[in-house]
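A look at the structure
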Amino acid sequence: MDMPKHTPAAKPVATSAITPAAKPAAKPAVALIVVDVQRDFMTGGALAVPLAGENLPAPERILPRVNALMAGGGYARVVLTQDFHPAGHCSFASTLGVPPYAKGKTAAGREQVAWPEHCVAGTAGAEFHPGLYARYADAIIRKGVHPDCDSYSGFADDGGAQTGLAGYLRNAGITDVDVAGIATDFCVKATALHARANGFATRVLLDACAGVAAASIDAAIAELRAAGVAVVVD
Ligand SMILES: [Zn+2]
């Protein structure tokens, strides 16, 4: 049969069978938030957390995992939060006038767990743990800087003051957030809940977290999942 010379070469598949290639789903822009990996929360610190990973002792055990995530996790942004209190901060037992770990009331009338003095700005305890690959961080968010407000969350303090983290992430095009660090049952939980509330798809990477107590870690996991946060062991 005669074929005009300009006829395009036959295709191996009938045109009707060809559907446009599905565009690969846009890879979500994911940020890693590493919460409060500071000397005072590690072994020997003023407020050392006892549990890491699968309830293993010593928070230092999370460092290799956290470092691997920071250095090689492929995150679009890596953010460190840093608990950073002025002397006489409202979360300190010495300020509240109650024993450590009891509940007190701040001057503003908020119920507050009384913590040993920790992460005082300018002291060694407020520094990042020397084993943390802090140089891989794109941003450092200090929290709890107001004397009358505590801030478990890296996004906003108990008085509602924003740290700027949500805006920073949005400006960077971030849609998804992974959260690791210390403590699972306090600042990791609060940061992840606020990440979710700010509209970020949020995961807590449990094997890269250390917490205070098994019961409150379990309660935190339940609360996070109820709020739509994925709690995973990666
Ligand atoms: Zn604190």
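What you are looking at is a predicted structure, and each value in this text was computed from that prediction instead of being measured.

Attention now goes to the overall build of the chain. What the chain contains, in helices and strands, is 5 helices and 10 strands. Within the chain, the fraction of its 234 residues that count as buried is 41%. Considering only contacts in the chain between residues 6 or more positions apart, those separated by 24 or more positions represent 69%.

All right, on to the pairing of strand β8 (residues 176–182) then. Most of β8 sits inside the fold, with 6 of its 7 residues counted as buried. As judged from the 6 bridges shared by strand β1 (residues 30–35) and β8, these two strands associate in the parallel manner. The residue bridging Leu-32 from the neighbouring strand is Asp-178, located in β8. The pairing of β8 with strand β9 (residues 201–211) spans 6 bridges and is classified as parallel. Paired with Asp-176 across the two strands is Ala-201, which belongs to β9.

For the rest of this paragraph, the subject is helix α1 (residues 63–72). Here α1 has its buried residues at Leu-63, Val-66, Leu-69 and Met-70. Axial view of α1: buried residues confined to an arc of 135°, hence all on one face. Turned more than 90 degrees away from the buried face of α1, the exposed residues are Pro-64, Ala-68, Ala-71 and Gly-72. Looking one or two residues past α1, Gly-74 carries a phi angle of roughly 75°, positive in sign.

Quick look at the pairing of β1 now. Of all 6 residues that make up β1, 5 are buried, and the element is covered over most of its length. Strand direction decides the pairing type here: β1 and strand β4 (residues 77–83), joined by 5 bridges, are parallel. Bridge assignment links Val-35 to a residue of β4, and that residue is Thr-81.

Moving on, we come to the environment of Gly-181. As for its position among the elements, Gly-181 is in strand β8. In this structure Gly-181 touches Val-34, Val-35, Asp-36, Val-37, Val-66, Val-188 and Cys-209, once residues within four positions along its chain are discounted.

Turning to helix α4 (residues 184–197), a few remarks are in order. A large share of α4 lies buried, amounting to 12 of its 14 residues. Among all positions of α4, only Thr-184, Asp-185, Phe-186, Cys-187, Val-188, Lys-189, Ala-190, Thr-191, Ala-192, Leu-193, His-194 and Ala-195 are buried. Tucked into the core, α4 has its buried residues touching β1, β4, β8, β9 and α5 (214–226).

We now examine the packing of α4 against α5. Look at α4 against α5: their axes get within 9 Å of each other, and the N-to-C directions meet at 10°. The angle between α4 and α5 falls in the class roughly parallel. Contacts between α4 and α5 involve Thr-184, Asp-185, Lys-189, Ala-192 and Leu-193 from the first element and Ser-216, Ile-217, Ala-220, Glu-223 and Leu-224 from the second. In terms of residue class, the contact of α4 with α5 is built from 5 nonpolar, 2 polar and 3 charged.

Once that is clear, we can look at the nonpolar core. Ranked by size, the top nonpolar core spans 55 residues in total, and within it Val-34, Val-66, Val-179 and Ala-180 carry the most contacts. Sorting the residues of this core by element identifies β1, α1, β4, α3 (165–171), β8, α4, β9 and α5 as the ones contributing at least two each. When residues of this core are assigned to their parent elements, the largest contribution, 7 residues, is made by α4. Leaving out residues up to four positions away in the same chain, Ala-180 has contacts with Leu-32, Val-34, Val-35, Val-66, Leu-69, Leu-205, Ala-208 and Cys-209.

Residue Ala-183 is bonded to the preceding Ile-182 through a cis peptide linkage, with omega at -10°. Counting through the fold element by element, Ala-183 comes out in the loop between β8 and α4. Backbone geometry places Tyr-101, a non-glycine residue, at a positive phi of 75°. A tally of 12 C-beta atoms within 10 Å means that Tyr-101 is categorised as exposed. Phi at Cys-119 takes a positive value of approximately 50°, unusual for a residue other than glycine. The topology assignment puts Cys-119 in the loop between β6 (111–113) and β7 (139–143).

About the cut-offs
- Residues numbered from 1 in each chain as written.
- Predicted model: local features only at pLDDT ≥ 70, side-chain atom pairs only at ≥ 80, totals over all residues.
- Helix = DSSP H or I, 4+ residues; strand = E, 2+ residues; numbered from the N terminus.
- Buried ≥ 20, exposed ≤ 12 C-beta atoms within 10 Å, placed from the backbone.
- Contact = placed C-beta atoms within 7 Å.
- Pairing = 2+ DSSP bridges.
- Arc of directions from axis to C-beta.
- Axes fitted to C-alpha atoms, helices over the stretch in contact; angles between N-to-C directions.
- Parallel < 35°, antiparallel > 145°, perpendicular 65-115°, else oblique.
- Nonpolar A, V, L, I, M, F, W, Y, C, P; charged D, E, K, R; others polar.
- Core = buried A, V, L, I, M, F, W, Y, C linked by C-beta atoms within 7 Å.

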